[in-house]
Amino acid sequence: MLNEEDPFGTGLRFALQVTGFELATEPPEPDTPHILAYAAEHGYDALTDEHFDLAKLGPL
């Protein structure tokens, strides 16, 4: 876990904000229609990190 009082943690969070990113505290939710359709057909247990990566890139 990132310590907010640590100068490194504060600097890291600032650098992420400046570059347009944020530090995730939870795994991604299956929120795209393609992910939901795949999960409905194959089950949520069949989803892997590759499925989320493909959904972000567009081919899924």
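Residues numbered from 1 in each chain as written. Predicted model: local features only at pLDDT ≥ 70, side-chain atom pairs only at ≥ 80, totals over all residues. Heavy atoms only, no water.

Colleague: Any details on the overall build of the protein? Residues and values, ideally.
Modeller: Helix and strand counts for the protein stand at three helices and zero strands. Going from the N terminus to the C terminus, the protein shows its helices and strands as α-α-α. For the protein, the residues scored as buried account for 13% of the 60 residues in total. Sequence-distant contacts, at least 24 apart, represent 10% of the contacts inside the protein between residues at least 6 apart. (Helix = DSSP H or I, 4+ residues; strand = E, 2+ residues; numbered from the N terminus. Buried < 20%, exposed > 50% of the residue type's maximum accessible area, 1.4 Å probe, protein only. Contact = heavy atoms within 4.5 Å.)

Colleague: Provide a residue-level description of helix H3 (residues 49–57), including the pertinent values.
Modeller: When H3 is considered as a whole, its buried residues turn out to be His51, Phe52 and Ala55. The buried side chains of H3 occupy one side of the element, clustering within an arc of 95 degrees when seen end-on. Residues Asp49, Glu50, Lys56 and Leu57 are exposed on H3 and point more than 90 degrees away from its buried face. Summarising the contacts, the buried residues of H3 are in contact with helix H2 (33–42). Phi for Gly58, located one or two positions after H3, is positive at around 115 degrees. (Arc of directions from axis to C-beta.)

Colleague: So what's going on with the nonpolar core? Which residues, and what values?
Modeller: Grouped together as the largest cluster of nonpolar side chains are five residues: Ile35, Ala39, Leu47, Phe52 and Ala55. Counting only elements with at least two residues in this core, the list comes to H2 and H3. (Core = buried A, V, L, I, M, F, W, Y, C linked by side-chain atoms within 4.5 Å.)

Colleague: Hey, could you go over the side chain of His51 for me, with residue numbers and the actual values?
Modeller: Note that His51 resides in helix H3. In this structure His51 comes out as buried when scored by relative accessible area, which is 12%. Here the side chain of His51 touches Tyr38 through a polar contact of 3.3 Å, side chain to side chain. For His51, the side chain forms a polar contact with the main-chain nitrogen of Thr48, separated by 2.8 Å. (Polar contact = N/O pair within 3.5 Å; in protein donor to acceptor, adjacent residues only side chain to side chain.)

Colleague: Which residues make up helix H1 (residues 7–18), and what values do they have?
Modeller: Helical geometry note: an α-helix holds 3.6 residues per turn, so side chains three or four residues apart project in the same direction. Compared with the 16 Å implied by 1.5 Å per residue over twelve residues, the 16 Å span of H1 between its first and last C-alpha is a close match. At the C-terminal side of H1, Gly20 shows a positive phi close to 90 degrees. (Expected span 1.5 Å × (residues − 1).)

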